[in-house]
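Residues per chain are reported as follows:
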Amino acid sequence: MSNPESSPSPAPATSSPAPVLPWILVGLAMLLISGAVGYFSFVPEVEPPPPGVAGDPFLMEGRAVFLSRCVPCHGPSGRGDGPMASGFAGAQVGDLTDGEWKHGDKPGDVLRVIRAGVPGTRMAPWGPLLEDAQIRAVAGYCYALSRLPVPDELREAEPN
Ligand code: HEC
């Protein structure tokens, strides 16, 4: 006599799923690790700021802009030795630390080069990409890299 209520071994309600989640997590972790390794092997080592910069919020802002935008060509300390500095035709990336300015050393000259770029070279116009205050700050930082006194008018409004 068979009793339908007592089937021998009831099938488990849910068959246990293949353990996919741990593999997804492993994959994600590997992505993160390779991303971090790639990032740190391509970002050049950053040197400490030149004297007088660390305590100056204006120049520290300029440094932040410089490190995020200008280092590929100008190099972390402005010597023109960034990873994108060589291997291209056209004007070479100059040394921003030698106190000599090919395009002029007045604040207005430096601002003009940064805003409008140098046509025909890889120095692009940054005017459309950066806020005016960022441009003034990074111009000030170029003077600091050159160990030149940072012109006061850069900190204020519009020098020309
Ligand atoms: C893609 C490469 C590249 C990037 C990025 C770049 N520059 Fe330049 N920069 C150059 C080159 C090349 C020159 C030289 C142009 C010339 O000789 O006429 C130059 C020249 C300059 C000069 C003029 C130097 C002088 O002697 O008169 C200044 C100032 C300058 N760059 C600042 C900056 C700042 C600030 C940034 C970031 C906001 C920046 N550059 C980003 C390639 C670059």
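Here's a quick rundown of the structure.

Conventions adopted
- Residues numbered from 1 in each chain as written.
- Predicted model: local features only at pLDDT ≥ 70, side-chain atom pairs only at ≥ 80, totals over all residues.
- Heavy atoms only, no water.
- Helix = DSSP H or I, 4+ residues; strand = E, 2+ residues; numbered from the N terminus.
- Contact = heavy atoms within 4.5 Å.
- Areas by Shrake-Rupley, 256 points an atom, 1.4 Å probe, with all protein chains shown as cover.
- Donors = N, O, S within 2.8 Å, 3.2 Å for Na, K, Ca; no water.
- Tetrahedral: all angles 85-135°; square planar, octahedral: opposite > 155°, others 65-115°.
- Buried < 20%, exposed > 50% of the residue type's maximum accessible area, 1.4 Å probe, protein only.
- 1 Å grid on protein atoms, 1.4 Å probe; cavity = no way out; pocket = protein on both sides within 12 Å on 5 of 7 lines; lining within 4 Å.
- Points joined across faces, edges and corners; volume = space filled by probe spheres on them.
- Nonpolar A, V, L, I, M, F, W, Y, C, P; charged D, E, K, R; others polar.
- Polar contact = N/O pair within 3.5 Å; in protein donor to acceptor, adjacent residues only side chain to side chain.
- Near = heavy atom within 4 Å.
- Sits in = over half its atoms within 2 Å of the grid points.
- Salt bridge = Lys/Arg side-chain N within 4 Å of Asp/Glu carboxyl O.

Moving on: the overall build of the protein chain. For the protein chain, the helix and strand inventory stands at 5 helices and 0 strands. Counting from the amino terminus, the protein chain carries its helices and strands in the arrangement α-α-α-α-α. Long-range contacts, defined here as pairs at least 24 residues apart, represent 50% of the contacts in the protein chain between residues at least 6 apart. Carbon and sulfur atoms provide 64% of the accessible area of the protein chain, an area that totals close to 10,500 Å².

Every protein donor of the iron atom of the ligand is accounted for by His74 (NE2) and Met123 (SD), and the metal-donor separations fall at 2.0 to 2.2 Å. Every donor counted, the 6 donor atoms about the iron atom of the ligand form angles of 87 to 178° at the centre, which fits octahedral coordination. Of the two residues, histidine 74 is situated in helix H2 (residues 57-74) and methionine 123 in the loop between helix H3 (107-116) and helix H4 (132-145); the sequence distance between them amounts to 49 residues. Classification of histidine 74 by relative accessible area gives buried; the value is 16%.

Let's shift gears to the layout of surface pockets. By volume, the largest pocket amounts to about 670 Å³. Lining of the largest pocket is provided by 28 residues; of these, His74, Gly94, Leu96, Val113 and Met123 occupy positions nearest its centre. Every element with two or more residues in the lining of the largest pocket is listed here: H2, H3 and H4. The residue makeup of the lining of the largest pocket, split by class, is 16 nonpolar, 6 polar and 6 charged.

To continue, consider the environment of aspartate 56. Mapped onto the secondary structure, aspartate 56 falls in the loop between helix H1 (21-42) and H2. What makes aspartate 56 buried here is its relative accessible area of 14%. A polar contact is formed between the side chain of aspartate 56 and the backbone nitrogen of phenylalanine 58, at a distance of 3.0 Å.

In this section: the site of the ligand. Within the structure, the ligand sits among 20 residues, and Cys70, Cys73, His74, Lys102 and Met123 are positioned closest to it. One of the side-chain N or O atoms of histidine 74 is found 2.7 Å from a nitrogen atom in the ligand. In this structure, lysine 102 approaches the ligand through a side-chain N or O atom, which is 2.5 Å from an oxygen atom. The cavity where the ligand resides is the largest pocket. Mapped by element, the contributors of at least two residues to the shell around the ligand are H2 and H3. The element that contributes the greatest number of residues to the shell around the ligand is H2, accounting for 4 residues. Its residues assigned to classes, the shell around the ligand comprises 12 nonpolar, 4 polar and 4 charged.

Moving on: the pattern of salt bridges. For the structure on display, the rule yields 5 salt bridges. Between arginine 112 and aspartate 109 there is a salt bridge whose closest N-O contact spans 3.1 Å. Residue arginine 112 and its partner aspartate 109 are both found in helix H3; the two are separated by 3 residues, about one turn of the helix. Overall, the relative accessible area of 44% leaves arginine 112 in the partly exposed class. If you follow the salt bridges from partner to partner, you end up with Arg115, Asp132 and Arg136 in one network.

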